[in-house]
Structures are given as C-alpha cells and as structure tokens.
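One-letter residues, chain by chain:
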Amino acid sequence: MFFFPSAEHPYSHLIDTLQDGRIKFFNLQKLNDPRYDKLPLSIRVLLEAAIRNCDGFYTKEEDVQNILDWQQQQNKAEVPFSPARVLLQDFTGIPAMVDLAAMRDAVAKHGMDPNLVNPKCPTDLIVDHSLQIDYSKCAIQNAPNPGGGDGPNQSHGPSRSTPSRPLSRGGSQCGGQRGSCSKAACSDPPASSGRSPASVQQIENTPLLCPFHLKPVSETDTALKNQEMELTRNKERLQFFKWCSKAFKNVNVVPPDVGAVHQVNLEYLSRVIQVRDGFIYPDSVVGTDSHTTMINGLGILGWGVGGIESEAVMLGQPVSLTLPQVVGCKLVGTINPLTTSIDIVLGITKHLRQAGIAGKFVEFFGPGVSQLSAPDRTTIANMCPEYNATVSFFPVDQVTLKHFKKTNFTQEKLELLESYMKAVKLLRSYEDPSEDPEYSEVIEINLSSMAPYVSGPKRPQDRVAVSSMKEDFQSCLDEKYNLVRYLGLGFHISKEKQDILVPFLHCGQEYQLAHGSVVIAAVISCTNNCNPSVMLTAGLLAKKAVEAGLVVKPYIRTSLAPGSGMVTHYLNTSGVLPYFSQLGFEVIGYGCATCVGNTAPLPETVVDAIKQGDLVACGVLSGNRHFEGRLCDCVRANYLASPPLVVAYALAGTVGIDFEKEPLGVTSEGKEVYLCDIWPSREEVQQTEEDTVISSIFKDLRGRMEQGNTFWNNIECPDSVVFPWDHKSTYIRSPSFFSKLSKEVPPPQSIENAHVLLFLGDKVTTDHISPAGSIARVSAAAKYLLSKRLTPREFNSYGARRGNDAVMTRGTFASIKLQNRFIGKPGPKTWHIPSGQTLDVFEAAERYQRDGIPLIILAGKDYGSGNSRDWVAKGPYLLGVRAVIAESFEKLHKNQLVGMGIMPLQFLPDQNADSLELSGKERFTITLPDSLSPRQQLTVKISEGKSFFVTALFDTEMDIIFFRHGGHLRYVARTLL
C-alpha cells in the first residue's frame, strides 16, 4: 500500500523535488495531459494516491488511467484509494487492535518475529467513547440560580423577589489559590462527598473558572468520580490500548480526557501534507465515523468507513470505490452583514439536502468561498451526512494557510505546504474562474440569499426573517392571524388594544411596556459551541454598543450562560466579556437555565404592567426551546435568535423594530445609533476568532497531548512483544481467526452437504446480523456472561465488548427483529435441522460445528444493507458460515464477506429460493474449481438431486486471492510467514 518507488515504478518519470532536492514528490503536471487541469481537486487527490501506490497488484496502471479519464469513467469504473492514515475511536478500534495482537501470536507460533506485525498505514486511535456520566454534580451546582433564588446550602443568596441581578453584587473575591473563593458555588464541595476542598484531588488539564470572578476554583469530586468509574469499568480495555501504543509501530493512541475524536483530528492530527521516506504527498484519511468528513473543510480528503474497511486499510489494502460523480457547489454573492456563520451553514445544508446528491462528492468553488472562515468550512463539511454526500471538499486556499499559521504549523512547514500544493495544482484561488475544474454538475448558491432568521413566537420550526420581524409580530397580534399562518400562532389581540402603552416604575424610574416589549434576553452558547464566531459576534456587538453609549433597560432580565468553560475563556481572552457585563449579560453559570424555564422571576412591577395591559411581552434567547409560557408564565411570545441578535433586541427593547429603518437607541447626546453602525464585520469576527479562539484551542490541546494526564499515565500495561491474554477477561480475548494457520495457501475447499443456518428474506440489515445495543438478558451472550459470574448490570453493551469474540459471536444474528423463515416470527432463533429443535442461532451453529457440518445462509434482496459494522462478517465466519446465497448484496457487505473468506453467491437473474422451490431443509454442495475467475458461475447441488447456478461475486483477482487465503487477515499473516 505505502509503496515507495524504485526505478521500476511505472511512474518514476514523474518524480520531482523540492527544497533543493531534499524532498521528492510525484509531479502530476509532468503527465502533460490536458485532462488533469480539468479534474476536480478531490479527484486529483485520488489520482496522486493511485500513481504513488501503483504496485501492479492493489493498484494498477489501468486504475490510474481510469481516474485520469474521470469525465468518461465516473459512476462506472471501480478504483482503489490508499489514504494516508486511519482514524479510529476506541469502540471500533479495539477489535482491529485485538486482531493485530492475535496475528502476532500466530506469527510467533511459526517461529517468526512478532515485531513484524504492525499496521502498514499510520493509525491514530482516540479513546473518547469510554466516559459515561455516572455522576452529574458540577462545580457550580450550589450557585445562586439565574434569578437569585435560594439554592441548597445557600442561605446568603438574594430572595426570589429581588429584582436586581444576582451576579452584579459586590462581595467576596476569589483568592490566589484554587478553592479560595468564598462563594458557595466555588468553595463548597458536594454535600454527598464528605470531602473538604483541600482534599479534592486535582485532575490535570481540566481547569474550571469561578463563574462569578473568572478565577480558578477547586476541582469537585464529579469529574474525578466519573474518571475513576471510567478506569474501573474499562480497565482491561485501557490497559490493552496502552500496550498497543507501546508495542506497535504506526499506532498513536490518544488517551482519555484529551478530546472527542473529530476535535482531535481537526485540531491536532490534520496535516494537509504528509512527508514520509523522503516523499511528500497529500494528507487523507478514512475514519470509523460518518462525521470524519469534517476534515474536508481544511482541504484534506476523508470520509467515514466501517470497522472492517478501516482494519483492511491498516493492513495495507486500499479502499475500493466506484469513481464518484463530483457536484460543484458554486458559492456566489456577498454575505448579508447580519447573517451569522450558523445561518450560512444551515442555509447551505438545506440547499444541498434538496439537491439529491446522495453518494456523490461535493466540491466547493466560486468567489463566495473566500468569505467563509476555516471553522465555517469544517462545520459545513461536518454536516455532510445530513445531505448524504460522501465528502464536502474545500480545496486549500489562502484562508486555509492563514488558519494553519495559528495552529501547530511552523513557518518552514507552511512554506513547504504552499510550495507543494502549487506544484501539483492543489492550491486554489477561488476568485480566479480560470482555475475552475469541470464537474459532473454545478449547483449555484447565492450567499446573499442567506438572510438571518429567528424562530417564533411559539414554535422552533416557525422561522421568521429578521427583515420581516416587525410586520410578522404585528400580524401575530391580530386575532384572525391564526387563520392566515399556522393554527395557534395568533394572540387574538383586538385592533384597538394593539397600541396600548403601560407605564410602570422600576428602581425609581418610569418606563413603558407595549406589545412586543422584550423582558427576557438570554445569550446561551450550548447550541453554538461548534462555531465560536456567533458568540464572538455577540461580544463584539456588545463592545461597540457600549462604546456608542447604548444601554439595555435595567428591567430586562438578561443573562449569559456559556456552554463550557472554554467559551468563557475565549470571551475573556478576546476582551469582550466586560462589555457583555456592562449591558447586563453576566455569566450566570454552566448549565441549562433559560431554555428549561429556570429564569429569575421578573420584577413585580413588570409583571403587574404586563397583566394590566394584557400585553404580549417577549423573550429572546439563543437556545433551542421556547414554547409559549416556557420561559415565564407571563411571557407569551418567545423567539429563538442567534446570540448577537439577542443582544440587538435587548438593546432595542422590542421585537417590533425594523433594524434597517429604525435606530436601536439614542445616546445621551441625542445621536441615533442603528444596528448597522455597531454590527461587527465578518472580517473583524474572523480575525478575532483566529487570534484568540483558534490559537487558544490549539495551545490547550497541544498541551494535553504532550503532557498526558495522571489518569492515563498511572495505568500499568504489560511490557511484552505479544499480548499476555487474560483468559478470565470478558472484554479482551484472542479471536480464533488464525487457528490452524498454515504457511502454504490451501487449495480451494468445496462445500459439501452444508445445512442452512438461516433462511432469510429481503433487506436483512447489519443491525439484524450484528446488533450494537444492549445485551438482552435471555440471549446467548447473556448466558455466556452469566457463566463468567457477571450480573446483568455488568453486561454493558455489544459495542463495549467488541474485543471479545465469544460475546460477539453469540451476538451474531441476535436481533429480536430477525425474520427467519424457519421460525415464522421475529427473534434470534433458528431450526436445528438434524434434531428438529428450535434453538438460539449460536447454539444451533455450535452443534453444527461440533458435528463437522458446514453452513450456508439463504437470503433475498439487499442482504447486508445499512451501516458498516466490524462483526457483520467476522461473526458469521466464527459461526461456521461458508457461503451466503442471496438475490443481491449491499456492495460494502459483499466486500466484507470476501474479506473474511465467506463466499457471496448470487442467484441468477429472475431466480430466488422460492422460484427454485427451496425449503431450506435440503443439504447443499458447492464444488469449487482449482482456479477461480471473477464473476464465475458455480453449480449448487442439493440433496434432492436438483441443481442450480449461482454467480460468485468475486469482482477482481484480488478478491479471489483473499478468499483462497481464508480472508484478508490470514492473507496478511501468510505474507509475513
């Protein structure tokens, strides 16, 4: 796979050099083929990988020519793709690493050096799926609630009737060390812990800030207890991962408590270019998650695959794909100044979802792309599964290069990156249409049409353009409006009462309320953490408003609830947090508040004024729920808005405003200030984001990666070349894939007198074959775990026990929704034909194997559809299944069967089990010739004396080689022997 060239390499004449000859690369421009310049840049990455890895076996010259001839071969030719690296999370990573450990055992038994067994493709394994929330108390659980009401252990807090903002009070300050803040929120440990602040163990790299004073506070028991539970529950798995990190080359294990898999991939592992053995080439990745596509936003080609596919890539096999169609998504127009990044991401997602691009590559181009920041692009690419594309590729441009200057790239690497990308024409200037490639089709999206919206006044699905807000709210007041729009959205306010003004006193000053007056304004970042730009936009807007002399009326209940300490950190670092505070938006803590109705009671005078005038008062928040009366029972209209629009409506004091024509307010000097006067430009927001957020995140993550943590560092693991399996373990077990492995390739083994294990119908999915959820108490897997003296509470899930073949084999075909025609009703049962008994599928297979009887499966159409799972072929293999005869197969699953040495056999057209009058009770013999060829027809003889033909779905000579070896794992092991 990672086949670096010799003089015999068929494309050695394309090799060129950079940096005075120190770095080599394949210069695809030396092909002197005009078709190259017309290729989409994502296809150029496929082409480079094919040329570099052209070894005559996995990748042939014919494959290179097919990719180069993409215009004619798209959606037709099958081509290989050898990615630069593999990305695993721990649930899908553990079976792959267990297989490699077992392969070392097999090699050692034959007297070979087990150190020879390593992934051929660099593999990053991120342990991010182990943590569970067993304890949910947090450091600020005893903080005053957003309204200042009495909380547990907090007699000093203001009463619920107090209208003042609880966080603006003076009082004690955080001291110079952790835990010295005298607020109950910061200093009191959970009552149940029984530990003093001084006794709470510190966990490295997990700082918490006091939400009152933004200074460090003592760590509570919560995170520590959850991590202790993680260590206890997953001790065997984590010890095994740590052994893998030491024992295998080309394996990098990212320990727990560093970050989620895609965050780490995006912020630490992404390279854009790879340099290996003196060659430079584009970074690319396949990962075991559909959202691997997020990396496309940085110009790195990658997508999600299943566990078996990723394991095959690790062992040197390329991904096989039909040469895809590439949809060019042309972005034009200028972004509306009030439009946020979230508006743009959701707008583009909506357009692409409606375009019908399932299974295709999407590549962005056009002058509008330059207006999108790197985080904007990665967020759009992350939404790829939502519009069913395979990838959403943003070629590298100057915006990308600028982004990497703030990350982990040195100046030398940036210069090398730019030089290489220019040399192979993978660096784009989106403003230059002469660089535009040819696409299968083009979808044009005008960014000018991405208008800012709010949702309301009663339901989150009812969107209202900000430009129409005043008119729409006025219509909602009309008693007949519910007949015009959606039933129930009108407030039934008669015409003569729609202009009423109600005066009231607050803190000794008179104010007036009207229909549409804003009385609650909550900036909440829990749903906006994926893209910090919206919070920064709100902060910069607050800064400009304060500088312009604007204020928020003091009776409006304002609050700021960051979704995490990182949000508070970057708001503070960027200098906007004090301006939030000056407008009344002060940090109230980290947790759900306004969204779930935990808003402080409004001042009594405000409530009285609303009741007196029967007013439709308004709340505006940047959360995700706002049904009528949810925020406060006297607030009837509530709108979901972006954080900066929450600030804008709070400044205006009403939703009945046309921002383009009416001022937000008037300064003390009498000057009118419009929203356009203080709204920050996208360039200003992006610059602040790059300077504060991006650099801060990368610095923090880099520190976590380099320092590790005590939790991981203290885990002990074996110091051995081969893994010392614990036979008592119910999580980690050596699988039997390599039992009876010989050095020589055995001749094709015909299947004689096989019984049918399962007689299935159409659309048998991977969920039916290999369930991923909880382990049922009456299942075969449960019986096994009970025999190991585990209680049902300790069963965990099939996903967590993927490293134990005994559990996973028993879980194969254990779905309660499995429709087996032998049984006639759903369930994980089958008929053991010799005895006539109905048994669990595993128990029946176990009897057949004990009696030396081979097994096959009969099925209908679309066998193996659904998400890829690593045990959908491994499980049947260990059950003793030698072949599956079906009307049609999901292509991916067909390849998985071949990869495990199971024959995928297809009925001839217009034939199936019913037309051939098969009952499933017959015995089947399938004779294999000494030499197989792709798509060869084979004869199936049945015990009644009949016979029929099937097509062996071996598409390539490589498929046949894998099958003859008994699967890809055994093939790799034999090549080492």
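Remember, it's a predicted structure, so these values are computed and weren't measured experimentally.

### Quick look at the overall build of the chain
Then comes step 1: Per the secondary structure count, the chain includes 31 helices and 34 strands.
Then comes step 2: Counting the 977 residues in the chain, one finds 59% classified as buried.

### A word on unusual backbone geometry
Then comes step 1: The residue after Gly456, namely Pro457, is reached through a cis peptide bond having omega 10°.
Then comes step 2: As for its position among the elements, Pro457 is in the loop between strand 16 (453-455) and strand 17 (463-465).
Then comes step 3: Despite not being glycine, Val272 shows a phi value in the positive range, around 65°.
Then comes step 4: Within the element layout of this structure, Val272 appears in the loop between helix 9 (261-269) and strand 7 (273-276).
Then comes step 5: Under the relative-accessibility criterion, Val272 is labelled buried at 1%.

### Things to note about the pattern of salt bridges
A side chain of one charge can pair with a side chain of the opposite charge if their charged atoms are brought near each other.
Then comes step 1: The tally for this structure, following the rule as stated, stands at 29 salt bridges.
Then comes step 2: A salt bridge links Arg682 to Asp376, with the shortest nitrogen-to-oxygen separation between them at 2.7 Å. On the criterion of sequence distance, the pair formed by Arg682 in helix 22 (residues 682-707) and Asp376 in helix 12 (residues 374-382) is long-range, its members being 306 residues apart. The pair formed by Arg682 and Asp376 is uniform in burial state, with each residue classed as buried.
Then comes step 3: Where Arg428 meets Asp436, a salt bridge forms, and the shortest distance between an N and an O atom there is 2.9 Å.
Then comes step 4: The structure contains a network of salt bridges with shared partners spanning Lys783, Lys829, Asp840 and Glu843.

### Thoughts on the pairing of strand 20 (residues 518-524)
Looking along a regular strand, one sees the side chains alternate between the two faces of the sheet.
Then comes step 1: Within strand 20, seven of the seven residues are buried, which leaves the element mostly enclosed by the surrounding structure.
Then comes step 2: Pairing of strand 20 with strand 21 (residues 557-561), which is carried by five bridges, proceeds in the parallel orientation. Bridging across to strand 21, Val523 finds its partner in Leu560.

### Regarding the packing of aromatic side chains
Then comes step 1: As enumerated under the stated definition, the model contains 30 aromatic pairs in all.
Then comes step 2: Between Phe240 and Trp243, the aromatic rings sit 6.0 Å apart at their centres with planes inclined by 25°, giving stacked as the arrangement. Here Phe240 pairs with Trp243, and both are found in helix 8 (residues 235-247), just three residues apart, close to one helical turn.
Then comes step 3: Phe240 gets classed as buried once you look at its relative accessible area, which sits at 0%.
Then comes step 4: When its relative accessible area of 1% is taken as the criterion, Trp243 is described as buried.
Then comes step 5: Seen in terms of ring centroids, Phe962 and Tyr971 are 5.3 Å apart; in terms of plane orientation they differ by 65°. Their pairing is edge-to-face.
Then comes step 6: For Tyr971, a relative accessible area of 14% corresponds to the buried category.
Then comes step 7: Among the aromatic residues, ring-to-ring pairing joins Phe240, Phe241, Trp243, Phe248, Phe723 and Trp725 into one connected group.
Then comes step 8: One cation-aromatic arrangement involves Arg821 over Phe759; the distance from NZ or CZ to the ring centre is 4.3 Å.
Then comes step 9: Just above the ring of Trp871 sits the side chain of Lys874; from NZ or CZ to the centre is 5.5 Å.

### A short note on the environment of Phe711
Then comes step 1: By secondary structure assignment, the location of Phe711 is in helix 23 (residues 710-713).
Then comes step 2: Counting along the chain gives 455 residues from Phe711 to Pro256, while the straight-line C-alpha distance between them is 8.3 Å.

### Some remarks on the packing of helix 5 (residues 90-109) against helix 8
Then comes step 1: Two numbers describe how helix 5 lies on helix 8: the axes approach to 11 Å, and their chain directions differ by 60°. Regarding the angle of helix 5 to helix 8, the classification is oblique. Crossing geometry of helix 5 relative to helix 8 is assigned as left-handed. Side by side, helix 5 and helix 8 meet where Asp90, Phe91, Ile94, Met97, Val98, Ala101 and Arg104 of the first sit next to Arg237, Phe240, Phe241, Trp243, Cys244 and Ala247 of the second.
Then comes step 2: Across the contact of helix 5 with helix 8, the residue classes break down as ten nonpolar, no polar and three charged.

### Notes on the packing of helix 11 (residues 341-355) against helix 12
Then comes step 1: Here helix 11 crosses helix 12 at 35°, and the two axes come no closer than 10 Å. Handedness of the crossing formed by helix 11 with helix 12: right-handed. Residue-level contacts link Ser341, Val345 and Ile348 of helix 11 to Asp376, Thr379 and Ile380 of helix 12.
Then comes step 2: A per-class count over the contact of helix 11 with helix 12 returns three nonpolar, two polar and one charged.

### Here's the deal with the nonpolar core
Then comes step 1: Residues Phe240, Leu757, Phe813, Tyr863, Met903 and Ile926 are the most contacted members of the largest nonpolar core, which totals 194 residues.
Then comes step 2: A total of ten residues in this core trace back to one element, the largest contributor, which is helix 5.
Then comes step 3: Setting aside residues no more than four positions away along its own chain, Met903 makes contact with Ile751, Arg882, Ala883, Val884, Ile926, Leu928, Leu938, Phe954 and Phe963.
Then comes step 4: If you look at the next biggest cluster of nonpolar residues, it comprises 75 residues, including Val576, Tyr649, Val655 and Trp679.

### With respect to the sheet that holds strand 15 (residues 441-446)
Then comes step 1: Taking strand neighbours across the sheet as the criterion, the four strands line up as 14-13-12-15 in an open arrangement whose pairing is parallel. In the strand order of this sheet, the two ends are held by strand 14 (391-393) and strand 15, each with one partner. Each strand axis lies, on average, 25° off the axis of its neighbour in the sheet, ignoring direction.
Then comes step 2: Lying on the sheet, helix 2 (residues 41-52) is in contact with strand 12 (326-332), strand 13 (361-365) and strand 14; it crosses strand 13 at an angle near 120°.
Then comes step 3: Packing against the sheet, helix 11 makes contact with strand 12, strand 13 and strand 15, and its axis sits at approximately 150° to strand 15.

### Side note on helix 27 (residues 841-850)
Then comes step 1: Where helix 27 is concerned, the buried positions are Val841, Phe842, Ala844, Ala845 and Tyr848. The arc that holds the buried residues of helix 27, viewed along the axis, is 160°, so those residues lie on one side.
Then comes step 2: Trailing helix 27 by a residue or two, Gly852 shows a phi angle of about 70°, which is positive.

### Looking at the environment of Ile775
Then comes step 1: With respect to the element layout, Ile775 can be found in the loop between helix 24 (766-769) and helix 25 (780-787).
Then comes step 2: By relative accessible area, Ile775 is classed as buried at 6%.
Then comes step 3: Excluding residues within four positions of it along the chain, Ile775 makes contact with Ala781, Ala782, Leu785, Phe795, Asn796, Ser797, Tyr798, Arg801 and Val807.

### Details of the confidence of the model for the chain
Regions with low pLDDT should not have their predicted coordinates read in detail.
Then comes step 1: When pLDDT is averaged along the chain, the result is 83, and 83% of the positions lie at 70 or above.
Then comes step 2: For residues 136-220, every residue scores under 50 in pLDDT, and the model assigns this stretch 163 contacts once sequence neighbours within four places are set aside.
Then comes step 3: Ignoring residues within four places in sequence, the model shows residues 481-487, a span with pLDDT below 50, making 18 contacts including any to other chains.

### Some thoughts on the sheet that holds strand 10 (residues 301-304)
Remark on secondary structure: sheet strands pair via backbone hydrogen bonds, oriented parallel or antiparallel.
Then comes step 1: Overall, parallel pairing links the five strands, which are arranged 6-5-4-9-10 in an open sheet. The open sheet has two edge strands with one neighbour each: strand 6 (251-254) and strand 10. Each strand axis lies, on average, 15° off the axis of its neighbour in the sheet, ignoring direction.
Then comes step 2: Looking at chain direction, strand 4 (residues 85-89) and strand 5 (residues 123-126) are connected through four bridges and run parallel.

### Section: the environment of His506
Then comes step 1: Relative to the assigned elements, His506 resides in strand 18 (residues 501-506).
Then comes step 2: In this structure His506 comes out as buried when scored by relative accessible area, which is 5%.
Then comes step 3: A C-alpha to C-alpha distance of 8.1 Å links His506 and Pro554, two positions 48 residues apart in sequence.

### A short note on helix 13 (residues 398-405)
Then comes step 1: When we look at burial in helix 13, the residues that qualify are Thr400, Leu401, His403 and Phe404. Angular distribution of buried residues about the axis of helix 13 spans 155°; they occupy a single face of the element.
Then comes step 2: A distance of 3.3 Å separates the backbone nitrogen of Val399 from a side-chain oxygen at the start of helix 13, and that oxygen is part of Asp397.

### Section: the side chain of His832
Then comes step 1: For His832, the location among the structural elements is in strand 27 (residues 829-832).
Then comes step 2: Look at His832 and you get buried, because its relative accessible area is 4%.
Then comes step 3: Once residues lying within four places of it in the same chain are set aside, the contact partners of His832 are Gln837, Leu839, Ala844, Arg847 and Tyr848.

Reading guide: rules and limits
- Residues numbered from 1 in each chain as written.
- Predicted model: local features only at pLDDT ≥ 70, side-chain atom pairs only at ≥ 80, totals over all residues.
- Heavy atoms only, no water.
- Helix = DSSP H or I, 4+ residues; strand = E, 2+ residues; numbered from the N terminus.
- Buried < 20%, exposed > 50% of the residue type's maximum accessible area, 1.4 Å probe, protein only.
- Salt bridge = Lys/Arg side-chain N within 4 Å of Asp/Glu carboxyl O.
- Pairing = 2+ DSSP bridges.
- Phe/Tyr/Trp six-rings, centres within 6.5 Å; stacked < 30°, edge-to-face > 60°.
- Lys NZ or Arg CZ within 6 Å of the ring centre and 35° of its normal.
- Axes fitted to C-alpha atoms, helices over the stretch in contact; angles between N-to-C directions.
- Parallel < 35°, antiparallel > 145°, perpendicular 65-115°, else oblique.
- Left-handed = near helix turned anticlockwise from the far one by under 90°.
- Contact = heavy atoms within 4.5 Å.
- Nonpolar A, V, L, I, M, F, W, Y, C, P; charged D, E, K, R; others polar.
- Core = buried A, V, L, I, M, F, W, Y, C linked by side-chain atoms within 4.5 Å.
- Arc of directions from axis to C-beta.
- pLDDT = per-residue confidence, 0-100.
- Polar contact = N/O pair within 3.5 Å; in protein donor to acceptor, adjacent residues only side chain to side chain.

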